Amino acid sequence: MKRTLRTLELIWRLVLPPRGGAPQPTQPGEVRPCEPDDIGRGMGLYLDSKGEVRLFVPQCRPLAASVVLFRLKRQGFSRCSVEESEGGLLIRAQR
């Protein structure tokens, strides 16, 4: 049940416009664990120095993948992918 609720929360956060915030860059190649609320601020905040984003949202179902891809494209990302990995979603994109 918790996975379903987290998935619905992620979808809801992605449907709403991004709220913005301070950039939190990661090291190149690093996968950053994120909560649905973090992603609702905008995925561009987590760009590394190579212009790539790698996020892991634990305990989410692949049902949210199409909404994640939609939001990534709307935010100007390319080479986007979302995969189910280790009980969550692994999000990768490049700008």
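Here is a short report on the structure shown in this document. All residue numbers refer to position in the chain's written sequence, counted from 1. Only residues with pLDDT of at least 70 get local features here, since the model is predicted, and only at 80 or more are side-chain atom pairs given and counted; chain-wide, interface and lining totals rely on the full set of residues. To obtain the side-chain values, all non-hydrogen atoms of the structure were included, while hydrogens and water were left out.

1. Points about the state of the cysteines
Such a bond, covalent and formed between the sulfur atoms of two cysteines, is termed a disulfide. Note on terminology: disulfide denotes any pair of cysteine sulfur atoms within 2.5 Å. The full count for this structure, using the stated rule, is zero disulfides. Looking at Cys-34, it has no disulfide partner, and the nearest cysteine sulfur is the one in Cys-60, 11 Å off. Relative accessibility decides the category of a residue: with a 1.4 Å probe and only protein chains considered, values under 20% of the type maximum give buried, values over 50% give exposed, and everything between is partly exposed. By relative accessible area, which is 1% here, Cys-34 ends up buried. Take Cys-80: it sits in no disulfide, and the sulfur closest to it among the cysteines is that of Cys-34, at 15 Å.

2. Some details on the nonpolar core
Here is a general trend for soluble globular proteins: nonpolar side chains tend to be buried in one another's company. Side-chain atoms within 4.5 Å are what join buried Ala, Val, Leu, Ile, Met, Phe, Trp, Tyr and Cys residues into a set we call a nonpolar core. Leu-10, Ile-39, Met-43, Leu-55, Leu-72, Phe-77 and Ile-91 are the most contacted members of the largest nonpolar core, which has 24 residues in total. Only α1 (2-15), β2 (52-58), α3 (65-74), β3 (78-85) and β4 (88-94) provide two or more residues apiece to this core. Each helix is a run of DSSP H or I of at least 4 residues and each strand a run of E of at least 2, with the numbering of both proceeding from the N terminus. Among the elements that make up this core, the one with the highest residue count is α3 (four residues). Should any heavy atoms of two residues lie within 4.5 Å, those residues are counted as being in contact. Other than its neighbours up to four places away in sequence, Leu-10 contacts Pro-36, Ile-39, Val-57, Cys-60, Ala-64, Val-68 and Leu-89.

3. As for the sheet that holds β2
Strand pairing in a sheet takes place through backbone hydrogen bonds and is either antiparallel or parallel in direction. Within the open sheet, the four strands sit side by side as β1-β2-β4-β3. Their pairing is mixed. Each of the sheet's edge strands pairs with one partner strand only, and the pair in question is β1 (32-33) and β3. Think of it this way: DSSP has to see at least two bridges between two strands before they count as a pair. Bridge count between β2 and β4: seven bridges; the pairing is antiparallel. The residue of β4 that forms the bridge with Arg-54 is Arg-92. With axes taken as lines fitted to C-alpha atoms, and helix axes fitted only over the stretch in contact, angles between N-to-C directions fall between 0 and 180 degrees. On top of the sheet, α3 reaches β3 and β4; it is set at about 155 degrees to β3, its chief contact.

4. Observations regarding a nonpolar patch on the surface
A contiguous nonpolar patch, built from Met-1, Leu-5 and Leu-8 and spanning about 360 Å² of accessible area, is present on the exposed surface. Within the secondary structure, Met-1 sits in the segment before α1. Surface patches are defined over residues having more than 30% relative accessible area and no salt bridge, joining like charges when they lie within 9 Å and nonpolar side chains (Val, Leu, Ile, Met, Phe, Trp, Tyr) when within 5 Å. Each accessible area is a Shrake-Rupley estimate made with a 1.4 Å probe; only the visible protein chains count as cover when residues are assessed. In what follows, salt bridge is the name for a side-chain nitrogen of Lys or Arg lying within 4 Å of a carboxyl oxygen of Asp or Glu.

5. A few points about the packing of aromatic side chains
Stacked, tilted and edge-to-face are the three classes assigned to paired rings of Phe, Tyr and Trp, where Trp is represented by its six-membered ring and a pair needs centres within 6.5 Å; plane angles under 30 degrees give stacked, over 60 edge-to-face, the rest tilted. This structure, assessed with the given rule, holds zero aromatic pairs. Charges are assigned to positions over rings by a cutoff of 6 Å between ring centre and Lys NZ or Arg CZ, combined with an angular limit of 35 degrees from the ring normal. Positioned above the aromatic ring of Phe-77 is the side chain of Arg-95, whose terminal nitrogen or guanidinium carbon lies 4.3 Å from the ring centre.

6. Some thoughts on α1
A helix is expected to span 1.5 Å multiplied by its residue count minus one. If you check α1, its first and last C-alpha atoms are 20 Å apart, about what 14 residues at 1.5 Å a residue would give, namely 20 Å. Arg-6, Thr-7, Leu-10, Ile-11 and Leu-14 are the residues of α1 that are buried. An end-on view of α1 places all buried positions within 140 degrees of arc, on one side of the element. Residues Lys-2, Leu-5, Trp-12 and Val-15 are exposed on α1 and point more than 90 degrees away from its buried face. Of the surrounding secondary structure, the elements contacted by the buried residues of α1 are α2 (36-39), β2, α3 and β4. Starting at the helix axis, one direction is taken to each C-beta atom, and the arc is that of these directions.

7. With respect to the side chain of Arg-71
One can find Arg-71 in helix α3. Just so you know, the count uses Lys and Arg for positive and Asp and Glu for negative, and it drops His and the chain ends. As a buried residue without a salt bridge, Arg-71 has its nearest oppositely charged side chain in Asp-37, at a separation of 13 Å. Nitrogen and oxygen atoms within 3.5 Å of one another constitute a polar contact, given that in protein one can donate a hydrogen and the other can accept it, and given that sequence-neighbouring residues count only through two side-chain atoms. Within the local environment of Arg-71, its side chain forms a polar contact with the backbone oxygen of Leu-14, the two atoms lying 2.7 Å apart. Those residues in contact with Arg-71, other than ones at most four positions away along the chain, are Leu-14, Val-15, Leu-16, Pro-18 and Met-43.

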